[in-house]
Every structure is written in C-alpha cells, then in structure tokens.
Amino acid sequence: MRRILVLGTALAFSLAAAQPLQGNPNLRGEITVWSWDIAAKALEANIPGFNRLFPNVKVTVLDLGNQAVYDRGLAGCAAGGGDLPDVYSVENNEAEVFWARFPNCFTDLNTLQPAASTLRSLFPAFKWTELTVGNRIYAIPWDSGPVVMFYRRDIYSQAGVNPNTIRTWDDFIAAGRRIGAATNNRVKVGVIANGQDDEWFRMLANQNGCFYFNNEGTAVTVNQPGCVTALETVKRLIDAGIVLQGGWNEQIQAIKAGTVATSMFGAWYEGTIRSNAPEQSGRWGVYPMPASRPGGVRAANLGGSALAIPASSRNKEAAWAFVRYALATTEGQITMLRQYGLVPSLLAATRDPYVQQPQPYWGNQRIWQVVLGTLGSVPAARGTQFFQEARAIMVKVQADYVAGRFPNAKAALDAAAQQISQATGLPIAR
Amino acid sequence: MKPGATPYLFLLPYLVIFALFWAWPILDSLLLSFQNTRVYPPVWDPGVNWGRILRDAAFWDALRNTLLILVIQVPLMLALATMLALALNSQLLRARGFFRFAFFAPVVVGAVAYSAVFRLLFNPNGAVNAALGLEFNWLFDPVGAMVVIIVALTWRWTGYNAIIILAGLQNIPKELYEAAEIDGASPWQQFWRITLPSLRPVLLFCLVLSIIGTLQLFTEPWLITNGGPGTATTTLGVYLYRQGFQNINFGYASAIAYVITLLALVFSLIQLRMFGREP
C-alpha cells in the first residue's frame, strides 16, 4: 500500500463514478475464489447480488486462511499454474513477488472485456502501483487498511481514561497503566505478536514515514530514524507491562474474554471484532492512533488487498464479472463495508451515504468518517517482492531486541538492515 | 535378446519411474542450487546461494535448533521407548494388546489435529497452565516453545519406536535368560548384559530413522509454533520451506536441502562406525 496521501485529494476531486455492471444470463459456469477470514466472508456476502445479474454463474468462496492462500498461490504458480482458483486474493504488500517471479501465472486483465484499463480512474492512482507492471494490470484494488485504535468505551471510562486526550504514545502508555490499575491488571491495552509477527513495528514505522525498503524498492531503509523510534516504542509498550503477547487467535480470545481494552489494526479489523463479539455491541469505539511526538502523524496503513485471476482459470469471463461486481461497483464494495468493515478503495464507494452513518455496534459513532479521515495523512510504503524475507528477519530482530539482546534499537535495526540487504541483494540506504 | 537382459527388462518400469521422479529432481535441485532463482527467468550464478548460506544468521539458527532437538529429544525418546517396550513385553502386564495399540495410536492421529490440540493445551489459558498453576506463555517464549515442540515430538513418536523395540525384544532367545537365571544373574544384570546388547541393531535402526526424521523436521514446528517466536523453533525443514515456498527462492532452498542431505549422510556414517559393529 503506498501513497495513500494522494487519496485525500483524489477523494475530493475525483469525478469518476463506478459504472453500473450489465448482467448477463447467458454467462454460465462455476468459479472458485480463494480468500481468508472476514475477507472471504465479505466476498461470500456479494454472491447474492452478483447472482441477480449473473444467475447462471455459481461462485464458491474458500476460506483457506491468509498464509495458506499466499503459500498455495506461490506453490501453484511455481508448478506452472496448477491447482489455482479462478479468483485469487492477494495482499498489496505481497503482490509484487508474483508478478516478478511468475509473470505468466496471472491473467493480464487488459486482455479481458472490458479491459481493466477502463477501471483505472475509478481507484486512486497509488493503489495500482503494486498491481501493474508496464501496461499489464494483474489485479484490481480491493480494500485498504488505514490504522485506528478500537477501544472498549466501558473499560476506558471505568478507569477514567478519555480517549480524546490520548495524543501520543506516552499518553497511551499512561492510559494503559491507569486501565491496568483500575482492573487489577486483568485488562491490557493491546496484543502484540512479538516473535510471530512485526505488525506493530510496521504500523509505527509507517506512521513515522519509514519502512523496510524505500518507495522505489531499490534500497533497505529499515535502520532509518523513523523505524528506530517505532522499535523503541514497541519495546516500551511491552516493558510497561500493558500489552499481552499473542497472535491473531489469542487477540480474538482476549477480545471475547474482555481482557484487552484496545486493538490497533488496519480498519478491516472492525469486521473481525464485530463478527466475533456481537454481544459487546455498543461497548466499542474508535480513535486515531497516537503519534510518536506531540503534533505528529496519527495515521498508518496495514494490509489492503486486491483480486487477480490466475491464467489457468477456465472461466475467466465469469471470474472477471465477479471481480468487477465485487470491487468496481459501489453496491459490491458497500456490501463488504457494511457487513465486514472492509474499507473500500473504490472512490465512488468512499462517498456513499453509508460512510456518513453512525454505527450502532460502535456506540453510534460515525467510525467510517474517523477511518477515512486518516487516509490523507498515511505516509507511503512499498512491500516489494522481498516483503516476506524482510518480515521474517524483522520478526526475529524485534524479539531479540525486546529480550534485551541489543544495546539499543539502532543497533538492532542496523543488524536487521544488514541481514535484509544480504538476503535480498539490495544496498542499505545511506 | 541376451538372457542377461531379462531381469533388467522386468526392472525397467521401476527404473523409468525412479529416473523420472527421483533421480531427475535430485539432479535438478543440485543445478538449481547454483542458480539465482529470484529473477525471471533464473540465471546461472554459482556463488549466490552457497555464498549466502555461510553468512545467513537465520540458517545457522535453524541448524542450531535442529541439532538441539537431535541432542535432547532423540535420546530422551529412545530411552522412554525402551522402557515402554520392556513394560509391554512383561508377562506381568494385563491387556497388552490394548496398551500396544494405545501407545502406537499417536502416529495415526492427523498431524494438523494433534498440533491444534497442543496449541490449545499450551495456551496461556490452557490445560497445562491450569494443571501446573502457571501463567506462562509457552508459545511466545523461546525456551517454552522449544519445550512444547520436544514434548509433542516425544508424545507422537515414542510409541512408534517402542513397538519396533518390542519386536526386537521378542526376537531375543528365551534360553539366554534361562541360562542367566541359572547362573544367578539379577534382572538388572540381565538387562545390561543380554537385553541391551541384543537390541543394538534395533536401537541403531531407530536412532538412524529418528535422526533423519529430526533433520527433516517440519510438521510440528510449522503447525504448533510456526517456527517462532522469532526463529526459536525454526528447524532446517521449516527454513527450507520458507525459502522455497514463501520466498519462492528455489535455488536457496535447494542449497539448504543439500546441506540437510549431507548432514544425514554424515550422521548415519558416524553411527554405523560407532555402533554398527557386531558386539
């Protein structure tokens, strides 16, 4: 996900409107879609609407889990395109490895009717950069992941913490201590997957304008000042004893059990909380992520995906119709936002009246305004084809740094930069 | 046709399949290990993978973890398996058939199912912490995660080895024990002087299989800890998979595969040297 900052202006000035999709009862066949978690459920929610236009296309959505979709997709491409679905979900961060290593594994969507280039103006330009190579368009932008803090209103107020006063990470740590004190240390204010993932580091680094690589994808930048601050903050949060350590499942368990009062994630996590804890309706709210210093950036991006059509699909026409219905119509995108909280990147959908509405689950807060309001400030970051290698190295370095195996964050990130450079062959930026 | 050709003719179907599905991939991966497979199409670059392996901290972590499991888990498991086999062989035990089945059963259980169960057991709110009265986050602690992997492996494979050792026990001639009884040897002496030496080839067999299995270890660390936290439970098998199928760097994955093969070869030779002689 890069250059979200463009979106703010694009939102304001774009005149592009989603085209209505022409139905076709003569289009027949069965298509399979691979996706994960709520993204899979969101695509599934689009099937009835799609079938009103294309009654004779049978869509099957398989929820394989995020990592498995990626792994099996790469394995399938490596095997020359075998065992792949008709519609494939890919995270923007991870997309480039496919186009770089397997340029023939996915359909150039410009070769289909209507050509994908006719959809270009419907999405902000930055969303296309990781999905296109030259004139080829390999995937259509889906959602984006502006980061926000999801918080438990009842627990915050019980501890006397007003979320509007949390402006910096120092404020957040102080709030975490108060919440811990008020709940006899039973409730924490976050779940960090230290040792299994580096999501918090990535969100904080992105907020500070730093990432593994520069935006051209030509150099390693992980040891630059913004990343150093980010890693220091992650350690401060853990050392303060105000966060749990756990992965995706542990976080959902903590939410269900009411032992975590805040979740920081890409806004697509809204649907995860809402569908996993429907009984907590009305008790949650949203506020922007804290900044690294007073007056600093309070926005970042995590995740954001796209849909592609493998070249091996036997039903490209039906797959293309489904992709266009789900992603390039306001109806499709708003269905996914409404039911599972996937933040559209389709410009017309971000202007839909639904976005302005108060949300009952979130204590009638107009959360989508808060979320979309951050988009204009998100600094650019690019995954490149080496995203997974860099991430694996960073996960280990973060865990070692948190465990005290480096004198300071700069030394840890220097080591990370060196390993990433060695693994990828890219130079470390000066 | 020469009469000497007949057996080869019969062997031909096997040889063709062997060449196609064994020999060719083995050769091809050797060639791949000398190529840069991160560009399209791959290019010949002998140093890119073999040079990297020497400097790659993550590779050395994986090697260290694998050897750690080898040194701790394999002897532990074989000692347990031997004790179990002796118990199963005892005339004093009732319902032996049931126990043999029960101890062998873990091998039959699907790896995904049992890994999920172990994740639940060692969850901070899981049964293990409840039983021990702890609040320890096993899977997010480097040592804790390794303990879980070793416990899981031992649970799964001890019974399997015990059954093999049991077969070995039943092949020891009864007369040896009878003669020892007459000579006044204690059960302890009988174990050390008769049972253990007679079991030597069977134990060697189990040892070689376990070592090769450990060098290829993938399922448990992948499904239970995903190699983490950090690289704490990343084995050579997991690292190979990550390089091959997550980073799609088949060249580097092939180089790692050849290191694993060489290690297996060296370990097997050492054991045959040290323990392979007839007593």
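## Side note on the state of the cysteines
Note on terminology: a disulfide is the covalent bond linking the sulfur atoms of two cysteines. Residue and element names in this part refer to chain A. Scanning the model with the defined rule gives two disulfides over all chains in all. Note that Cys77 is cross-linked by a disulfide to Cys105, the S-S spacing being 2.1 Å. Because the sign of the S-S torsion sets the handedness, a value of about -90° for the bond joining Cys77 and Cys105 places this disulfide among the left-handed ones. With a gap of 28 residues between them, Cys77 in helix 4 (residues 66–78) and Cys105 in the loop between helix 5 (92–101) and strand 4 (132–133) connect regions that are remote in the sequence. Its relative accessible area of 6% is what places Cys77 among the buried residues. Judged by relative accessible area, which is 7%, Cys105 ranks as buried. There is a disulfide in this structure between Cys210 and Cys227, and the S-S distance comes to 2.0 Å. Judged by the sign of its S-S torsion, about -100°, the bond between Cys210 and Cys227 is left-handed. Highlighted residues: Cys210 in the loop between helix 8 (199–207) and helix 9 (225–239) and Cys227 in helix 9, separated in sequence by 17 residues. There is no split in this pair, since Cys210 and Cys227 are both buried.

## Structural notes on unusual backbone geometry
A cis amide bond links Gln113 of chain A to the next residue, Pro114 of chain A, at an omega of -10°. A positive phi is found at Asn226 of chain B, a non-glycine position, where the angle reads about 55°. The residue Asn226 of chain B is located in the loop between helix 10 (219–225) and helix 11 (236–246) in this model. At Ile248 of chain B, a residue that is not glycine, the phi angle is positive and equals roughly 50°. Inspection of the secondary structure assignment puts Ile248 of chain B in the loop between helix 11 and helix 12 (250–275).

## Comments concerning the pairing of strand 12 (residues 284–288) of chain A
Residues and elements named next belong to chain A. Among the five residues in strand 12, four count as buried, and that is most of the element. Across five bridges, strand 8 (residues 147–152) lies against strand 12 in antiparallel orientation. Within strand 12, the position partnered with Arg152 by the bridge is Trp284.

## Some words on helix 1 (residues 6–32) of chain B
Here helix 1 of chain B is 27 residues long and its end C-alpha atoms lie 37 Å apart, about the 39 Å a rise of 1.5 Å per residue gives. Maximal helix bending in helix 1 of chain B amounts to about 50°, located at Leu12 of chain B; proline Pro13 of chain B follows within four positions.

## Looking at the confidence of the model for chain A
Summing up the model confidence of chain A, the mean pLDDT is 91 and the portion of residues at 70 or higher is 96%. Confidence drops under a pLDDT of 50 for residues 1–16 of chain A, and excluding neighbours within four residues, the segment shows 46 contacts in the predicted structure.

## Quick word on the pairing of strand 13 (residues 305–308) of chain A
All names here are of chain A. Burial along strand 13 is two-sided: the residues Ser305 and Leu307 and Ala306 and Ala308 are all buried. As judged from the four bridges shared by strand 3 (residues 87–91) and strand 13, these two strands associate in the antiparallel manner. Its bridge partner being in strand 13, Glu91 is matched across the sheet by Ser305. Two strands pair when backbone bridges link them, and strand 6 (residues 139–141) and strand 13 are joined in this way by three bridges, in the antiparallel orientation. Residue pairing across strands places Ile140 opposite Leu307, the latter belonging to strand 13.

The rules behind the values
Residues numbered from 1 in each chain as written. Chains lettered and ligands numbered in written order. Predicted model: local features only at pLDDT ≥ 70, side-chain atom pairs only at ≥ 80, totals over all residues. Heavy atoms only, no water. Disulfide = S-S within 2.5 Å. Helix = DSSP H or I, 4+ residues; strand = E, 2+ residues; numbered from the N terminus. Buried < 20%, exposed > 50% of the residue type's maximum accessible area, 1.4 Å probe, protein only. Pairing = 2+ DSSP bridges. Expected span 1.5 Å × (residues − 1). Bend = angle between axes of the 7 residues up to and from the residue. pLDDT = per-residue confidence, 0-100. Contact = heavy atoms within 4.5 Å.

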